[in-house]
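# Structural description and commentary
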Amino acid sequence: MFGAVSLSASALTPWTKGAFETRQYRNLFVEMGYKPADVEAKLHEVFNDVFRGPNKVYFEVGDSMGYVSDIKNHDARTEGMSYGMMIAVQFGEKDIFDRLWRWSKRYMQHQSGPREGYFAWSCKTDGTQNAQGAASDGELYFITALIFASNRWGNDTGINYKAEAQRILRCTMPREIESDPNMPAFGRQQGPRMSYLIDPTTHLITFTPDGFGNSFTDPSYHIPAFYEVWARWADDGNAQLWNDCAAKSRAYLHKATHPQTGLNPDMSNFDGSLMKGWGGRRNGSSNFRYDSWRVPMNITLDYEWSCADCEWQQQYGERIQNFLYSQGIDTFVDQYRIDGSLPEDDEILQAGGFRKLRHSIGLVATSAAASMMCSHEKSREFVDALWNARHEPFEDGYFDAYYDGLLRLFAFMHLSGNYRIIFPN
């Protein structure tokens, strides 16, 4: 007991080298005095909540497939499918990984045509596509998870993981496609248009690979260290491009986060500025909201793995925690304007049929993950708040087993040292 108290009272010191160099990972829970056995048990409890518990979001189909469902929206999304694959490879759950990949390839991935290689971002749980277009973060995670699977399990166990990753990468290179007559007028271009995952001018990830969405980006899609994974192990001949993308993504995040609050918009222009019109205040896309929650955790991941921008990242971590702390460690809400003011009712993004500001466990989780970058005393309170938070329905009945559950699991992986670079065996 004395040892635990002593640990809890000691200063938390962020590391200055990343796991690409050291292959070491911090268990911040243990540093703060939590017992290793309790941390391990809690991590697996949170994993089981997502994949095996009564409120699970993972479902198996037949002998060889499975999907992750956004329960409240009754669909399967590339976001959740690719997150599920990343989690599965981190935990060594090969059967889950393979099932998710087979379902994604069969129902989501376009095997031919102008969108070949890309994935329909939303499908019904029977596999019927709700939309054919891609959301670029799905491809980002699919590629990285497949490379890690290749590194962990090889490519001769029934799925050639590296070849699948290379195919996606090849298909996401800039190419000319015909304009889609079914696209809304504001996003339709006359004549041929270009499709690309990464904007060829700025080297930043697009919101969507084609149409109006490839003219801007989403801050929560930026995970620079993933590009370093591609540069090392994709073997696609583009290592220099991917390293450049990592550097450009880090520079972009400096511009896309508010200098006082640390908050970032849901979407932004490639230069980090707020969007006007369709993506501006009229629909709240310039506000910090659901997508935005992921940014603290994504910057944490880049810090842990690469540490190439550690000085700014440490400042950012404390900046956003300082803002949220000022709103109340147990009461900060899940949507703000980036200057820290509250949005008006018509700016609040609804979820699950509710339009309401909440103290959501998803943001509790990602703000706690940022403690990996912080040395101020507040960071301990964020970690404790996550540990003690109960993932259960709100009084009005709203419950998000999917998004809140996945972000909660990722945060526990970070803080326990179990979100790792998977080097080749």
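Above: the structure in question.
Residues numbered from 1 in each chain as written. Predicted model: local features only at pLDDT ≥ 70, side-chain atom pairs only at ≥ 80, totals over all residues. Heavy atoms only, no water.

### Here's the deal with the side chain of Glu164
- Note that Glu164 resides in helix H8 (residues 161-171).
- Judged by its relative accessible area of 13%, Glu164 is buried.
- Setting aside anything within four residues of it in sequence, one finds Glu164 in contact with Trp101, Lys105, Leu146 and Ile159. (Helix = DSSP H or I, 4+ residues; strand = E, 2+ residues; numbered from the N terminus. Buried < 20%, exposed > 50% of the residue type's maximum accessible area, 1.4 Å probe, protein only. Contact = heavy atoms within 4.5 Å.)

### Notes on the layout of surface pockets
- Computed from the structure, the second largest pocket encloses a volume of approximately 320 Å³.
- Every residue lining the second largest pocket is counted, 17 residues in all, and those nearest its centre are His359, Ile361, Ala389, Arg390 and Phe394.
- For the lining of the second largest pocket, the per-class residue count stands at nine nonpolar, three polar and five charged. (1 Å grid on protein atoms, 1.4 Å probe; cavity = no way out; pocket = protein on both sides within 12 Å on 5 of 7 lines; lining within 4 Å. Points joined across faces, edges and corners; volume = space filled by probe spheres on them. Nonpolar A, V, L, I, M, F, W, Y, C, P; charged D, E, K, R; others polar.)

### Quick word on the packing of helix H7 (residues 136-153) against helix H9 (residues 224-233)
- One can describe the packing of H7 onto H9 by two numbers: an axis separation of 10 Å at closest approach and a directional angle of 45 degrees. In terms of axis orientation, H7 runs oblique to H9. When you trace H7 past H9, the crossing you get is left-handed. Contacts from Leu140, Tyr141, Ile143, Thr144, Ile147, Phe148 and Asn151 in H7 reach Phe226, Tyr227, Val229, Trp230 and Trp233 in H9.
- Looking at the contact of H7 with H9 residue by residue, the classes come out as ten nonpolar, two polar and no charged. (Axes fitted to C-alpha atoms, helices over the stretch in contact; angles between N-to-C directions. Parallel < 35°, antiparallel > 145°, perpendicular 65-115°, else oblique. Left-handed = near helix turned anticlockwise from the far one by under 90°.)

### Observations concerning the pairing of strand S1 (residues 58-61)
- Relative to strand S2 (residues 65-70), S1 runs antiparallel, the two sharing four bridges. Across the sheet, Val61 pairs through a bridge with Met65, a residue of S2.
- What sits between S1 and S2 in their antiparallel hairpin is a turn of three residues, with Gly62 showing a positive phi close to 60 degrees. (Pairing = 2+ DSSP bridges.)

### Overview of unusual backbone geometry
- For Asp235, which is not glycine, the phi torsion reads 55 degrees and is therefore positive.
- According to the relative accessible area criterion, Asp235 is exposed, its value standing at 54%.
- A positive phi is found at Cys307, a non-glycine position, where the angle reads about 60 degrees.
- Considering the arrangement of structural elements, one finds Cys307 in the loop between helix H11 (294-305) and helix H12 (310-326).
- When its relative accessible area of 9% is taken as the criterion, Cys307 is described as buried.

### Concerning the nonpolar core
- Phe97, Trp230, Trp305 and Leu409 are the most contacted members of the largest nonpolar core, which has 131 residues in total.
- When residues in this core are grouped by element, the largest group, ten residues, is from H7.
- In this view, Trp305 contacts Gly18, Ala19, Phe20, Tyr25, Phe148, Ala225, Phe226, Val229, Tyr419, Arg420 and Ile421; residues no more than four positions away in its chain are not counted. (Core = buried A, V, L, I, M, F, W, Y, C linked by side-chain atoms within 4.5 Å.)

### Overview of H7
- Helix length check: H7 (18 residues) gives 26 Å between terminal C-alpha atoms against 26 Å at 1.5 Å per residue, within 8%.
- Most of H7 sits out of view: 17 of its 18 residues are buried. (Expected span 1.5 Å × (residues − 1).)

### Let's talk about the packing of H7 against H8
- Running from N to C, H7 and H8 cross one another at 155 degrees; their axes reach a closest spacing of 8 Å. In this view, H7 runs roughly antiparallel relative to H8, as classed from their interaxial angle. Both H7 and H8 take part in a crossing whose hand is left-handed. In this structure, H7 contributes Glu139, Phe142, Ile143, Leu146, Ile147, Ala149, Ser150 and Trp153 to the contact, and H8 contributes Tyr161, Lys162, Glu164, Ala165, Ile168 and Leu169.
- Its residues assigned to classes, the contact of H7 with H8 comprises ten nonpolar, one polar and three charged.

### Considerations on the pattern of salt bridges
- Within this structure, the stated rule accounts for 29 salt bridges.
- One salt bridge connects Glu93 with Arg52, and the closest N-O pair in it is separated by 3.2 Å. One end of the pair, Glu93, is in the loop between helix H5 (78-91) and helix H6 (94-108); the other, Arg52, is in the loop between helix H4 (36-51) and S1, and 41 residues separate them in sequence.
- Linking Asp70 and Lys72 is a salt bridge whose minimum nitrogen-to-oxygen distance equals 3.1 Å.
- Salt bridges here are not isolated pairs; linked through shared partners, they connect Asp70, Lys72, Asp75, Arg77 and Asp400. (Salt bridge = Lys/Arg side-chain N within 4 Å of Asp/Glu carboxyl O.)

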